[in-house]
Amino acid sequence: MPGSCQRLRLPSLAPLVKHEKSEFLKRKEQHRVVMMGSAKVGKSSIISQFLYDKYLTRYRQTVEELHRGEYELPDGESLTLDILDTSGAYQFPAMRALSISTAGAFILVYAIDDANSWKEVEILRNQISSD
Ligand SMILES: Nc1nc2c(ncn2[C@@H]2O[C@H](COP(=O)(O)OP(=O)(O)O)[C@@H](O)[C@H]2O)c(=O)[nH]1
Ligand SMILES: [Mg+2]
């Protein structure tokens, strides 16, 4: 089963803006970003820094983890950002195809000192554009 974690970050994107819209008119936006790339290139570390302001020093293999950031936009609307972290192993083509088909956007990560991880990014990019 995929792991799941949540972080509420409500005030960060809504500084001191007065909300003039009524609750009824507020729109809820939801986006899903899928993080892909070879194992050990730093995918989980990027998510950890972006959502939790923490750098992961110890390597822990990811199976599949869903992270959620909730934001209130300056105009009062709310934004849910789901970030799906993947293992990088992609042994199961069906699982990879499902991750790709449910994504609104992708972040493809490679390590500058690992040429194969760049090749993997090329493969993933082709797969994404052909799906
Ligand atoms: N040197 C260096 N190491 C990193 C960087 N980002 C992550 N790491 C380390 O590389 C290892 C793998 O990172 P991780 O985020 O777990 O990779 P993932 O398998 O792609 O999720 C961890 O030990 C991290 O501490 C980076 O930018 N530079
Ligand atoms: Mg990981």
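Since we're looking at a predicted model, the values are computed, not measured.

### Let's talk about unusual backbone geometry
Logical step 1: Residue Lys40 is not a glycine yet carries a positive backbone phi of 65°.
Logical step 2: Structurally, Lys40 is set in the loop between strand E2 (28-36) and helix H1 (43-52).
Logical step 3: Classification of Lys40 by C-beta neighbours within 10 Å gives partly exposed; the count is 14.
Logical step 4: In this structure, Asp53 takes a positive phi of about 55° despite not being glycine.
Logical step 5: Here Asp53 is to be found in the loop between H1 and strand E3 (64-72).

### Points about the nonpolar core
Soluble globular proteins tend to pack their nonpolar side chains together in the buried interior.
Logical step 1: Among the nonpolar cores identified, the biggest contains nine residues, and these are Val34, Met35, Met36, Val41, Ile47, Leu81, Ile83, Val109 and Leu124.
Logical step 2: Going through the elements one at a time, E2 and strand E4 (78-86) are the ones with two or more residues in this core.
Logical step 3: The greatest single-element share of this core, amounting to three residues, is contributed by E2.

### Comments concerning the confidence of the model for the protein chain
Low-confidence regions, as indicated by low pLDDT, have predicted coordinates that should not be scrutinised in detail.
Logical step 1: Model confidence for the protein chain is summarised by a mean pLDDT of 83, while 79% of its residues fall at 70 or above.
Logical step 2: Mean pLDDT values over the elements of the protein chain span from 52, in strand E1 (residues 3-8), up to 97, in strand E5 (residues 105-108).
Logical step 3: Taken as a whole, residues 8-19 scores under 50 in pLDDT and shows 17 contacts with residues more than four places along the chain or in a different chain.

### Focus on the site of ligand 1
Logical step 1: Near ligand 1, the surroundings consist of Ala39, Lys40, Val41, Gly42, Lys43, Ser44, Ser45, Leu56, Thr57, Tyr59, Thr62 and Gly88.
Logical step 2: Along the lines of polarity and charge, the residues of the shell around ligand 1 split into four nonpolar, six polar and two charged.

### Concerning the pairing of E2
Logical step 1: Taken together, the eight bridges between E2 and E4 define a ladder with parallel strand orientation. Residue Val33 lies in a different strand from E4, and its bridge partner there is Ile83.
Logical step 2: Relative to E5, E2 is paired through four bridges, and the arrangement is parallel. Paired with Val34 across the two strands is Phe106, which belongs to E5.

Reading guide: rules and limits
- Residues numbered from 1 in each chain as written.
- Chains lettered and ligands numbered in written order.
- Predicted model: local features only at pLDDT ≥ 70, side-chain atom pairs only at ≥ 80, totals over all residues.
- Helix = DSSP H or I, 4+ residues; strand = E, 2+ residues; numbered from the N terminus.
- Buried ≥ 20, exposed ≤ 12 C-beta atoms within 10 Å, placed from the backbone.
- Core = buried A, V, L, I, M, F, W, Y, C linked by C-beta atoms within 7 Å.
- pLDDT = per-residue confidence, 0-100.
- Contact = placed C-beta atoms within 7 Å.
- Near = placed C-beta within 6 Å.
- Nonpolar A, V, L, I, M, F, W, Y, C, P; charged D, E, K, R; others polar.
- Pairing = 2+ DSSP bridges.

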